[in-house]
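A closer look at the structure
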Amino acid sequence: MEKIVSLCKRRGFIFQSSEIYGGLNGLWDYGPLGVELKRNLKNYWWRVMVHERDDVVGMDGSILMNRAVWKASGHEETFSDPMVDCRSCKARLRADQVIDKKGVRQCPNCGGKDLTEPRAFNLMFKTYVGATEDESSMTYLRPETAQAIFVQFKTVLEVSRKKLPFGIAQVGKAFRNEINPRNFTFRSREFEQMELEYFCRAEEGMRLLDYWLKERLKFYERIGISRGKLHVREVPEEERAFYSKANYDIEYDFPFGLQELEGVAYRTDYDLSQHQKASGKSLEYFDEETKQKFIPHVVEPSAGVDRTVLALICEAYAEDQAPDEKRKMETRVVLRFHPRMAPIKCGIFPLLKNNAQLVEKAKEIVDLLRPHMYVFYDESGAIGRRYRRQDEIGTPFGVTVDFETLGEKDATLRNTVTLRDRDSMKQRRVAIGELAGTLLADIT
Ligand code: GAP
């Protein structure tokens, strides 16, 4: 993890938030490359979950909602973690982090045994809406995006004219005042979720839960996460919310252990029923065939953007051996991102920066590719060093404009370039006119 955290900072993936003021625990900023990786992930999720399907539509709800939402959903009452204080070192701990040594509770920080009894700590951040700061103006930053979908269920159903089963998808920020943020971005206090609420008839719930588990596993493979590093955990009844009929966690084998990436949960009709009861507004579905009215059930695949970005970086990180300028083998750090996810798709390099023709041709290629993908032009330093810089940030392709491109050595090679593959480091000649098509086949 240390190497990964350091690379993320050095190359502009992820930084500590408000770093010049000493940071703020559990909060992170994404730099120029991190933001591209994150966008590629979110866009691909949206494409697979919304655009490529007839039965899902999207929405984008507000982060602040009426406090009544959080009362009805049960979050105000029960969205808490048990917290324990260590009286010796003053550490605040989640109760599940306390070490149990033969029945004696011990602080994982200082080894102290003087610990308080666990007490519930609500994870929602409070805030006030308007000029007065009292109970009547209080609400919370949303701890999940899902509730906006439930409270707008009827409106979206009406405007989209969908029939069951159908889903509403949303990507957005969520906030939790985690007791112990840790493992880099894994447990943060501000993070993003990609959630689908898939509404169905009660009798379809269990089948659709299994269907969505399979779809979501396919998704991870399509973004370059190997199946061997994913683990499906069936959440036992005692760990599930009382209303949940079944629940899977999709876990990833991070360097700090097997940890949850996504939950695929069968939430029954609990959320819609709660909101119908509390608001007094009907959230029922009218089945035109049977002429029956009922509250749909829901299956929810809920994934974390930040955790998936971290998994992508962990999965991609590799060190191998590659020849340097003098053909001596050296260690190469490379991020083997799937081309779909890579922040920059192609590096474009004129062999020499002081040759006007090479530079002009390379810039023509930049203009040619830019409408299709994010590319990076680099003319500084030896070509080998330029390749290494791109390898380290995971750019899957490199295009070099050399004298053959100008047709100086062999007229048949005019307007061809060297296309280098990041992983194999193999090079081949490709006609400039075929470049966009060749690269697009891999990155879309
Ligand atoms: N709507 C259901 C829901 O919010 P959850 O299991 O609490 O379920 C879903 O959260 C996903 O959100 C998790 O699988 C994880 O990927 C992400 N997530 C939850 N808490 C997080 C945190 N503190 N930091 C980063 N990601 C988090």
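The structure contained in this document is the topic of the report that follows.

Cut-offs and rules
- Residues numbered from 1 in each chain as written.
- Predicted model: local features only at pLDDT ≥ 70, side-chain atom pairs only at ≥ 80, totals over all residues.
- Heavy atoms only, no water.
- Axes fitted to C-alpha atoms, helices over the stretch in contact; angles between N-to-C directions.
- Helix = DSSP H or I, 4+ residues; strand = E, 2+ residues; numbered from the N terminus.
- Parallel < 35°, antiparallel > 145°, perpendicular 65-115°, else oblique.
- Left-handed = near helix turned anticlockwise from the far one by under 90°.
- Contact = heavy atoms within 4.5 Å.
- Polar contact = N/O pair within 3.5 Å; in protein donor to acceptor, adjacent residues only side chain to side chain.
- Pairing = 2+ DSSP bridges.
- Near = heavy atom within 4 Å.
- Areas by Shrake-Rupley, 256 points an atom, 1.4 Å probe, with all protein chains shown as cover.
- Nonpolar A, V, L, I, M, F, W, Y, C, P; charged D, E, K, R; others polar.
- Phe/Tyr/Trp six-rings, centres within 6.5 Å; stacked < 30°, edge-to-face > 60°.
- Buried < 20%, exposed > 50% of the residue type's maximum accessible area, 1.4 Å probe, protein only.
- Lys NZ or Arg CZ within 6 Å of the ring centre and 35° of its normal.
- Expected span 1.5 Å × (residues − 1).
- Salt bridge = Lys/Arg side-chain N within 4 Å of Asp/Glu carboxyl O.
- Core = buried A, V, L, I, M, F, W, Y, C linked by side-chain atoms within 4.5 Å.

**A few points about the packing of helix H2 (residues 32–51) against helix H9 (residues 305–316)**
It is at 10 Å that the axes of H2 and H9 come closest, and there the two elements cross at 115°. When the axes of H2 and H9 are compared, the pair comes out roughly perpendicular. H2 and H9 meet at a crossing whose hand is right-handed. Note on element contacts: H9 touches H2 through Val305, Asp306, Thr308, Val309, Leu312 and Ile313, opposite Leu37, Lys38, Leu41 and Lys42.

**Observations regarding the environment of Glu215**
For Glu215, the position within the fold is in helix H7 (residues 205–222). Taking the C-alpha atoms as reference points, Glu215 and Val48, separated by 167 residues in sequence, lie 9.7 Å from one another. A polar contact is formed between the side chain of Glu215 and the side chain of Lys218, at a distance of 2.8 Å.

**A word on the sheet that holds strand E22 (residues 375–377)**
Sheet architecture is open: five strands sit in the order E22-E21-E23-E24-E25, paired in mixed fashion. Two strands close off the open sheet at either side, each with one partner strand: E22 and strand E25 (427–431). Taken over all neighbouring pairs, the strand axes of this sheet differ in orientation by 25° on average, direction set aside. The strands touched by helix H10 (residues 356–369) within the sheet are strand E21 (346–350), E22, strand E23 (397–401) and strand E24 (416–421), with E21 carrying the most contacts at an inclination of about 160°. In the packing of helix H12 (residues 432–443) onto the sheet, contacts are made with E21, E23, E24 and E25, and the angle to E25 comes to roughly 120°.

**Observations regarding the site of the ligand**
Glu144, Ser188, Glu195, Glu260 and Leu261 are the nearest of the 20 residues found near the ligand. Side-chain polar atom of Glu195 to a nitrogen atom of the ligand: 2.5 Å apart, as the coordinates give it. Isolated, the ligand exposes 560 Å² of accessible area, and the fraction of that covered by the protein chains is 89%. Sorting the residues of the shell around the ligand by element identifies strand E12 (190–200), strand E15 (257–268) and strand E18 (297–304) as the ones contributing at least two each. Among the elements that take part in the shell around the ligand, E15 stands out by supplying five residues, more than any other. The residue inventory of the shell around the ligand, partitioned by class, reads five nonpolar, five polar and 10 charged.

**Some remarks on the packing of aromatic side chains**
Aromatic ring pairs: the centre-centre distance and the angle between the two ring planes describe each pair. In the structure shown here, the tally under the stated rule is 20 aromatic pairs. Measuring from centroid to centroid gives 5.1 Å for Tyr211 and Trp212, while their planes differ by 80°, and the two rings are edge-to-face. Look at Tyr211 and you get partly exposed, because its relative accessible area is 28%. The exposure class of Trp212 is buried, given its relative accessible area of 0%. For the pair Phe242 and Tyr270, a centre-to-centre distance of 5.4 Å together with 85° between the ring planes defines the contact as edge-to-face. With Phe242 in the loop between strand E13 (230–234) and strand E14 (246–254) and Tyr270 in helix H8 (residues 270–279), this residue pair connects regions lying 28 residues apart in the sequence. Above the face of the Phe186 ring, Arg307 is positioned so that its terminal group lies 3.7 Å from the ring centre. Between Arg420 and the ring centre of Tyr387, over which it is positioned, the NZ or CZ distance is 4.3 Å.

**As for H2**
Here H2 spans 27 Å end to end across 20 residues, near enough to the 28 Å set by a 1.5 Å rise per residue. Here H2 has its buried residues at Leu33, Gly34, Leu37, Lys38, Asn40, Leu41, Lys42, Tyr44, Trp45, Val48, Met49 and Val50.

**Points about the pattern of salt bridges**
Tallying each qualifying case throughout the model produces 41 salt bridges. Between Arg94 and Asp81 there is a salt bridge, and its shortest N-O distance comes to 3.4 Å. Taken together, the positions of Arg94 in strand E5 (residues 92–94) and Asp81 in strand E4 (residues 80–85) put the pair 13 residues apart, joining distant regions of the chain. In this structure, Arg94 and Asp81 share a single accessibility class: buried.

**Digging into the nonpolar core**
With 58 residues, the main nonpolar core has Phe13, Tyr220, Ile223, Ile313 and Phe337 as its most contacted residues. Residues contacting Ile313, with those up to four places away along its chain left out, are Ile4, Cys8, Phe13, Ile14, Leu37, Leu335 and Phe337. Core analysis: the second largest hydrophobic core is formed by 26 residues, Met65, Leu123, Ile168 and Ile295 among them.

**Considering the sheet that holds strand E8 (residues 119–122)**
If you trace the three strands from one edge of the open sheet to the other, you get E5-E4-E8, paired in antiparallel fashion. Whereas interior strands pair on both sides, the edge strands pair on one side only; in this sheet they are E5 and E8. On average, each strand axis in the sheet is tilted by 50° relative to the strand beside it, whichever way the strands run. Judged from the three bridges that link them, E4 and E5 form a sheet pairing that is antiparallel. Following the sheet pairing, Met83 is matched in E5 by Arg94.

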